[in-house]
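Per-entry structural report
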Amino acid sequence: RICRILRQPRGNALLVGVGGSGRQSLTRLGAFMADYKCRSIEITRGYGPNEFHDDLKDLLMAAGCKNEPTVFLFSDTQIVTESFLEDINNILNS
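Below is a short write-up of the structure. What you are looking at is a predicted structure, and each value in this text was computed from that prediction instead of being measured.

Re the overall build of the protein
Counting secondary structure elements, the protein contains four helices and two strands. Along its sequence from the N terminus, the protein presents helices and strands in the succession α-α-β-α-β-α. Taken against the 2.2 N^0.38 rule, which gives 12 Å for 94 residues, the C-alpha radius of gyration of the protein at 13 Å falls within 12% of a compact globule. Dimensions along the principal axes, computed over C-alpha positions, put the protein at roughly 35 × 35 × 25 Å. Within the protein, the fraction of its 94 residues that count as buried is 22%.

Structure below.
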């Protein structure tokens, strides 16, 4: 199902489930099956909105300008501030 969602134009999904149910593993498998590059952010000490915007800029440049099929994997543990969710919402709505 995830692979079918990813192959649709502008396909995106919000996966909900208990911890250990395989959401990330299945997303990575679906990205591999669709021959998409799976990218996610790496949270470090001092990671804030500026670093997040830089990571999003790199992701969007690869997906948009270089036309690389890309999956952005973002989990709930990577939410440092609520502005991260607002930024992702704005990207999905534009």
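The discussion continues.
Side note on the layout of surface pockets
Considering only enclosed or pocket space, the largest pocket measures out at about 1500 Å³ in volume. Surrounding the largest pocket, 41 residues form its lining, Asn12, Ala13, Phe72, Leu73 and Leu92 being those nearest its centre. Counting residues per element, the ones that place at least two in the lining of the largest pocket are α1 (2-7), α2 (23-33), α3 (49-65), β2 (70-72) and α4 (82-93). Class assignment of the residues belonging to the lining of the largest pocket gives a composition of 22 nonpolar, 15 polar and four charged.

A short note on the environment of Gly48
Here Gly48 shows up in the loop between β1 (37-39) and α3. With relative accessibility at 10%, the residue Gly48 sits in the buried group. Distance from Gly48 to Phe84, taken between C-alpha atoms, is 9.2 Å for residues 36 residues apart in sequence.

Some points on the environment of Pro9
On the secondary structure map, Pro9 appears in the loop between α1 and α2. Counting along the chain gives 74 residues from Pro9 to Ser83, while the straight-line C-alpha distance between them is 26 Å.

A word on the packing of α3 against α4
Packing of α3 against α4 leaves a shortest axis separation of 11 Å and a crossing angle of 25 degrees. Considering the angle they form, α3 stands roughly parallel to α4. Judged by the sense of rotation from one axis to the other, the crossing of α3 with α4 is right-handed. Within the contact between the two elements, α3 uses Pro49, Phe52, His53, Leu56 and Leu60 and α4 uses Ser83, Phe84, Asp87, Ile88 and Ile91.

Description of a nonpolar patch on the surface
A cluster of nonpolar side chains, namely Leu26, Leu29, Phe32 and Met33, defines an oily patch on the protein surface of about 440 Å² accessible area. Inspection of the secondary structure assignment puts Phe32 in helix α2. The class for Phe32 is exposed, based on a relative accessible area of 66%.

Conventions we followed
- Residues numbered from 1 in each chain as written.
- Predicted model: local features only at pLDDT ≥ 70, side-chain atom pairs only at ≥ 80, totals over all residues.
- Heavy atoms only, no water.
- Helix = DSSP H or I, 4+ residues; strand = E, 2+ residues; numbered from the N terminus.
- Rg over C-alpha atoms; globule rule 2.2 N^0.38 Å.
- Buried < 20%, exposed > 50% of the residue type's maximum accessible area, 1.4 Å probe, protein only.
- 1 Å grid on protein atoms, 1.4 Å probe; cavity = no way out; pocket = protein on both sides within 12 Å on 5 of 7 lines; lining within 4 Å.
- Points joined across faces, edges and corners; volume = space filled by probe spheres on them.
- Nonpolar A, V, L, I, M, F, W, Y, C, P; charged D, E, K, R; others polar.
- Axes fitted to C-alpha atoms, helices over the stretch in contact; angles between N-to-C directions.
- Parallel < 35°, antiparallel > 145°, perpendicular 65-115°, else oblique.
- Left-handed = near helix turned anticlockwise from the far one by under 90°.
- Contact = heavy atoms within 4.5 Å.
- Patch = residues over 30% accessible without salt bridge, like charges linked within 9 Å, V, L, I, M, F, W, Y side chains within 5 Å.
- Areas by Shrake-Rupley, 256 points an atom, 1.4 Å probe, with all protein chains shown as cover.
- Salt bridge = Lys/Arg side-chain N within 4 Å of Asp/Glu carboxyl O.

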